[in-house]
Amino acid sequence: MNNKTLVLIVEDDESIRNFMSAIFEANGYGTVIATNGASSAAIAASHRPDLILLDLGLPDIDGVEVLKKLREWTGVPIVVVSARGHEREKVEALDSGADDYITKPFGTAELLARARAALRRGGGDSASFESGRVTVGELEIDYEKRSVKLAGREIHFTPIEYKIVALLARHAGKVLTHDFITKEVWGPYTDEIRSLRVNMSNIRRKVEKNPAEPRYVITEPSVGYKMSDE
Ligand code: CA
């Protein structure tokens, strides 16, 4: 045994599997492989990986079902791997407990960046959230005072805007789907996707130096939003 960070790769396509495994091994990670959904849970249980890369297009079981089963017993960070254009599948995976997704084809830098971000989050909420305060770059959210400061200056948000910023910051680094955000902010029986967009552009005007190239609130096209954690 050694203390390398262990990545479980669940992928039926041999060339992609070898590509991913070679990248991780070359960057100091240990890897373990599952080639289908059925074997992945047992391998995850016996090897206790620090991170799981889970292909959603598996030959035997739907990847989202594999994800749901894993989430019944483990909080390990899971990044799902999805084919381009399968937006609904990604959204379903995120709403079922995936931490992030990566779209095929992807490169080395993106794979490692997504893996590092997921490992940093450790499958839980933002580490500093316990202390009642989250800092992202120059943005500081104080949950007790319900205040947000940018470079030390208080920003005035409407109650809805504050709820959205507080939610994104609490899950900094994780993609939150449109559906998840609207349910958390407006409650379970609303469909406020348009209001979400309007609020998001107001938030960006208040926190971003250049709203066209956001530093804090990142759009994940067709999927949702994420607060950057770097
Ligand atoms: Ca596949």
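A brief structural summary. Quick caveat: nothing in here was measured; it's all calculated off a predicted structure.

Thresholds applied
Residues numbered from 1 in each chain as written. Predicted model: local features only at pLDDT ≥ 70, side-chain atom pairs only at ≥ 80, totals over all residues. Heavy atoms only, no water. Helix = DSSP H or I, 4+ residues; strand = E, 2+ residues; numbered from the N terminus. Rg over C-alpha atoms; globule rule 2.2 N^0.38 Å. Buried < 20%, exposed > 50% of the residue type's maximum accessible area, 1.4 Å probe, protein only. Areas by Shrake-Rupley, 256 points an atom, 1.4 Å probe, with all protein chains shown as cover. Lys, Arg positive; Asp, Glu negative; His and termini not counted. Charge placed at Lys NZ, Arg CZ, Asp CG, Glu CD. Salt bridge = Lys/Arg side-chain N within 4 Å of Asp/Glu carboxyl O. Donors = N, O, S within 2.8 Å, 3.2 Å for Na, K, Ca; no water.

1. Some thoughts on the overall build of the protein chain
Consideration 1: A tally of helices and strands in the protein chain yields eight helices and twelve strands.
Consideration 2: Against the compact-globule benchmark of 17 Å for 230 residues, the protein chain has a radius of gyration of 18 Å, which places it among compact chains.
Consideration 3: Taken along the three principal axes of its C-alpha coordinates, the protein chain extends 50 × 35 × 30 Å.
Consideration 4: A burial count over the protein chain gives 48% of its 230 residues as buried.
Consideration 5: Just so you have it, the protein chain exposes about 11,400 Å², and 50% of that area is on carbon and sulfur atoms.
Consideration 6: Seen as two clouds, the 31 positive and the 35 negative side-chain charges of the protein chain have centres 5 Å apart.

2. Points about the pattern of salt bridges
It is possible for side chains bearing opposite charge to pair when their charged atoms get close.
Consideration 1: A complete count under the given rule lists 13 salt bridges for this structure.
Consideration 2: Arg-133 is paired through a salt bridge with Asp-142; the nearest N and O atoms lie 3.2 Å apart.
Consideration 3: The class for Arg-133 is partly exposed, based on a relative accessible area of 37%.
Consideration 4: Linking Asp-179 and Lys-183 is a salt bridge whose minimum nitrogen-to-oxygen distance equals 2.8 Å. In this pair, Asp-179 and Lys-183 are both assigned in helix 7 (residues 178-186), four residues apart and thus about one turn of the helix distant.
Consideration 5: When its relative accessible area of 35% is taken as the criterion, Lys-183 is described as partly exposed.

3. Overview of the coordination of the calcium ion
Consideration 1: Summarising the metal site, the calcium ion is bound by the protein donors Asp-12 (OD), Asp-55 (OD) and Gly-57 (O), whose distances to it range over 2.2 to 2.4 Å.
Consideration 2: All donor residues of the calcium ion come from one chain, and their arrangement in sequence is D-x42-D-x1-G.
Consideration 3: Given a relative accessible area of 44%, Gly-57 falls into the partly exposed group.

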